[in-house]
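Close look at the chain arrangement
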Amino acid sequence: MKLVCIECKKSYLAEEIRYRCDCGNLLEIISDLKKFNRSPKQWKQHFENNNSKPPFLRYKDILLPDLPDNQVILLNEGDTPLYPATKEMQEYFKITNLKLKHEGMNPTLSFKDRGMVAAVSWAKHLKVKLVACASTGDTSASMAAYAAYARIKRVVLLPEGKVSIEQLSQPISSGAITLELDTDFDGCMKLVQELTKKYPIYLLNSMNSIRIEGQKAIGIETLHQLNWEVPDWFIVPVGNAGNISALGKGLRELHELGIINKLPRLAGIEVKAANPLYISYKNNWAPLEPVQAKETVASAIQIGNPVSFKKAVRELKHFKGVMEQVSEQEVKDAKAVVDASGIPICPNSAAAMAGLKKLIDNNIIKQEESVVAIMTAHGGKFSKAVIDYHKGNNKFSNKPKSLKANLETIEETLGLK
Ligand SMILES: *Cc1c(COP(=O)(O)O)cnc(C)c1O
Ligand SMILES: [Zn+2]
């Protein structure tokens, strides 16, 4: 494993604590996977042989081959469900062959655990004393839990009032020093970079390349669940753009190793309130113009200056990818439809679903194609969004009814009388 600049290709030792090249660009982990000398069949056999191990260990040769097994901090992440769409979802989204990979079914209820199992294990390997991150809510929840389990001191920077109450509760309960700052996520991200540059504090945002390696497991595990049959599309919500970069990198490596024989297409979805990648896409992948992210129900993707912009664009181009943007109402309605199918998803995941609907309506995704949508967090982290929607007058509102406590009113309300 080495750290290699995504632009000038200068390389550094993997064990060096650094997030950017001397030229200022992001780094990425490059591993020599050829050294395993396995045919595609042998790779698949290797994963089968390790099927009883937790996913991070099962796929470790392709994630972090140089991490010693005894440094791994597991909280039982991964092996998340791949739900076939229900009939109601098929009708609303107008597509039959749709599956939802629910990363909200991870220990801290978001996909961030996939990257954090890798990065906190690496932090332990490097004997780091203090870890830090900025967060829209889920990174801090995940980092706090994994660092707690690894017994590493931890500090999180949050934009005050911009994460849900459940998300705020997570780092506090996991014993992190929790700093609520009077700025937005982009402001927290800027400060945590300055802090970790000045002091020996290990930065665990997704600009840490180790996290991206861990997050590759989402796509790899999905393909394994599909018996290595590649869907036509992967749909994913985009905030800081680490997840779509990881998804692309993992699938690209599977393809290079011959484990899969075609590439899916990628669709990244932003909300109109925070759409810098969408704007770039519409301008033929023009360089990043950061935007001031506005308030959105999809608070985890309220990001105007995505750190992994260049990595994401590289993957999107490689996978003939597209970007789409969605409105607040589209997000809320999509969430209500998926939730009502018995699969509680977060508003950010719902943005992906709303984007899927739009791409199908615009005939970019064809109705006969197969789609896997990545659900990034669990609905239980965002109860306020649910209550606000259902107590309001929305298309799919399921208003709770406040009744006098007697049998008669219940019978009347249920139409039994
Ligand atoms: C972090 C996060 C995202 C965005 O992922 P990026 O890697 O920042 O693009 C989307 N949804 C949820 C729930 C998240 O926590
Ligand atoms: Zn460089």
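Quick look at the structure, then. Here the structure is a predicted model, which is why all the values come from computation and not from measurement. (Residues numbered from 1 in each chain as written. Chains lettered and ligands numbered in written order. Predicted model: local features only at pLDDT ≥ 70, side-chain atom pairs only at ≥ 80, totals over all residues. Heavy atoms only, no water.)

Computed from the structure, the largest pocket encloses a volume of approximately 590 Å³. Along the wall of the largest pocket there are 25 residues; nearest its centre are Thr 296, Val 297, Lys 384, Ala 385 and Asp 388. Every element with two or more residues in the lining of the largest pocket is listed here: helix 7 (165–173), helix 13 (328–339) and helix 15 (383–391). The element contributing the most residues to the lining of the largest pocket is helix 15, with seven residues. The residue inventory of the lining of the largest pocket, partitioned by class, reads ten nonpolar, seven polar and eight charged. (1 Å grid on protein atoms, 1.4 Å probe; cavity = no way out; pocket = protein on both sides within 12 Å on 5 of 7 lines; lining within 4 Å. Points joined across faces, edges and corners; volume = space filled by probe spheres on them. Helix = DSSP H or I, 4+ residues; strand = E, 2+ residues; numbered from the N terminus. Nonpolar A, V, L, I, M, F, W, Y, C, P; charged D, E, K, R; others polar.)

With that out of the way, let us pick up the coordination of the zinc ion (ligand 2). When four donors bind a metal tetrahedrally, each ideal donor-metal-donor angle is 109.5 degrees, and when six bind octahedrally, the ideal angles are 90 or 180 degrees. Here the zinc ion (ligand 2) is held by Cys 5 (SG), Cys 8 (SG), Cys 21 (SG) and Cys 23 (SG), and the distances to it run 2.3 Å. Each of the four donor atoms bound to the zinc ion (ligand 2) contributes to angles spanning 104 to 125 degrees, and the resulting shape is tetrahedral. (Donors = N, O, S within 2.8 Å, 3.2 Å for Na, K, Ca; no water. Tetrahedral: all angles 85-135°; square planar, octahedral: opposite > 155°, others 65-115°.)

What follows concerns the sheet that holds strand 9 (residues 202–203). Spatially, four strands are ordered 8-7-6-9 in an open sheet, and the strand pairing comes out parallel. Each edge of the open sheet is held by one strand with a lone partner, namely strand 8 (177–181) and strand 9. As paired strands, strand 6 (residues 130–134) and strand 7 (residues 153–159) are joined by five bridges and run parallel to one another. Looking at the pairing, Val 131 lines up with Arg 154 of strand 7. (Pairing = 2+ DSSP bridges.)

We now examine the sheet that holds strand 13 (residues 371–375). Strand order in the open sheet formed by six strands is 4-5-13-10-11-12, and the pairing between neighbours is mixed. Whereas interior strands pair on both sides, the edge strands pair on one side only; in this sheet they are strand 4 (82–84) and strand 12 (322–326). Each neighbouring strand pair of the sheet contributes to a mean axis angle of 25 degrees, computed without reference to strand direction. Here three bridges tie strand 4 to strand 5 (residues 98–102), and the two strands are oriented antiparallel to one another. Bridging across to strand 5, Leu 82 finds its partner in Lys 101. Each of strand 5, strand 11 (265–271) and strand 12 touches helix 13; the most contacted strand, strand 12, lies at about 95 degrees to it. (Axes fitted to C-alpha atoms, helices over the stretch in contact; angles between N-to-C directions. Contact = heavy atoms within 4.5 Å.)

This part takes up the site of ligand 1. Taken together, 15 residues form the shell around ligand 1, and within it Lys 112, Asp 138, Asn 240, Asn 243 and Thr 376 come nearest. Take Ala 241: an N or O atom from its main chain is 2.8 Å from an oxygen atom of ligand 1. Measuring from a nitrogen atom of ligand 1, one finds a side-chain N or O atom of Thr 376 at 2.8 Å. Relative to its free-state accessible area of 390 Å², ligand 1 is covered by the protein chains to the extent of 98%. (Near = heavy atom within 4 Å. Polar contact = N/O pair within 3.5 Å; in protein donor to acceptor, adjacent residues only side chain to side chain. Areas by Shrake-Rupley, 256 points an atom, 1.4 Å probe, with all protein chains shown as cover.)

With that settled, the discussion passes to the pattern of salt bridges. Within the structure shown, the criterion is met by 28 salt bridges. Among the ionic pairs, Arg 18 bridges to Asp 22, the shortest N-O distance being 3.2 Å. With relative accessibility at 21%, the residue Arg 18 sits in the partly exposed group. The class for Asp 22 is exposed, based on a relative accessible area of 53%. Among the ionic pairs, Lys 87 bridges to Glu 91, the shortest N-O distance being 3.1 Å. Taken together, the residues Lys 87 and Glu 91, both in helix 4 (residues 87–93) and four residues apart, mark about one turn of the helix. Residue classification places Glu 91 among the exposed residues on the basis of a relative accessible area of 54%. What emerges from the salt-bridge pattern is a single network uniting Lys 10, Glu 16, Arg 18 and Asp 22. (Salt bridge = Lys/Arg side-chain N within 4 Å of Asp/Glu carboxyl O. Buried < 20%, exposed > 50% of the residue type's maximum accessible area, 1.4 Å probe, protein only.)

Burial within strand 10 (residues 233–237) is extensive, with five of its five residues counted as buried. Side-chain alternation along strand 10 places Trp 233, Ile 235 and Pro 237 on one buried face and Phe 234 and Val 236 on a second face that is also buried. Note on the crossover from strand 10 through helix 10 (residues 242–256) to strand 11: the handedness is right-handed. In terms of strand pairing, strand 10 meets strand 13 through three bridges, oriented parallel. The residue of strand 13 that forms the bridge with Ile 235 is Ala 373. (Right-handed = clockwise from strand over helix to strand, strands pointing away.)

A separate point is the nonpolar core. General note: in soluble globular proteins, nonpolar side chains tend to be found buried as a group. In this structure, Ile 62, Trp 122, Val 131, Tyr 202, Ile 210, Leu 254 and Leu 277 are the most contacted members of the largest nonpolar core, which totals 93 residues. Broken down by element, the residue count for this core peaks at seven residues, all from helix 5 (residues 112–125). In this structure Trp 122 touches Met 1, Ala 14, Glu 15, Leu 64, Asp 66, Leu 67, Tyr 202 and Ile 210, once residues within four positions along its chain are discounted. (Core = buried A, V, L, I, M, F, W, Y, C linked by side-chain atoms within 4.5 Å.)

With that out of the way, let us pick up unusual backbone geometry. Within the chain, Asp 79 stands out as a residue other than glycine whose phi angle is a positive 50 degrees. Within the secondary structure layout, Asp 79 lies in the loop between helix 3 (60–63) and strand 4. The exposure class assigned to Asp 79 is partly exposed, which follows from its relative accessible area of 45%.

Quick look at the packing of aromatic side chains now. Inspection of the entire model under this criterion finds eight aromatic pairs. Their ring planes at 40 degrees and their centres at 5.8 Å tell us that Trp 43 and Phe 47 sit as a pair that is tilted. Of this pair, Trp 43 and Phe 47 both sit in helix 1 (residues 40–49), four residues apart, roughly one helical turn. Here Trp 43 and Phe 47 have matching classes, each one buried. An aromatic cluster is built from Phe 36, Trp 43, Phe 47, Tyr 59 and Trp 228, whose rings are joined through pairwise contacts. (Phe/Tyr/Trp six-rings, centres within 6.5 Å; stacked < 30°, edge-to-face > 60°.)

Right, let's talk about the side chain of His 390 for a bit. Here His 390 is to be found in helix 15. Among the residues examined, His 390 registers a relative accessible area of 15% and is labelled buried. Reaching out from His 390, the side chain makes a polar contact with the backbone nitrogen of Asn 398 at a distance of 2.9 Å. If we ignore the near neighbours within four places in the chain, the residues touching His 390 are Ala 336, Phe 396, Ser 397, Asn 398, Lys 399 and Pro 400.

Fair warning: the whole summary comes from geometry, so function is off the table for now.
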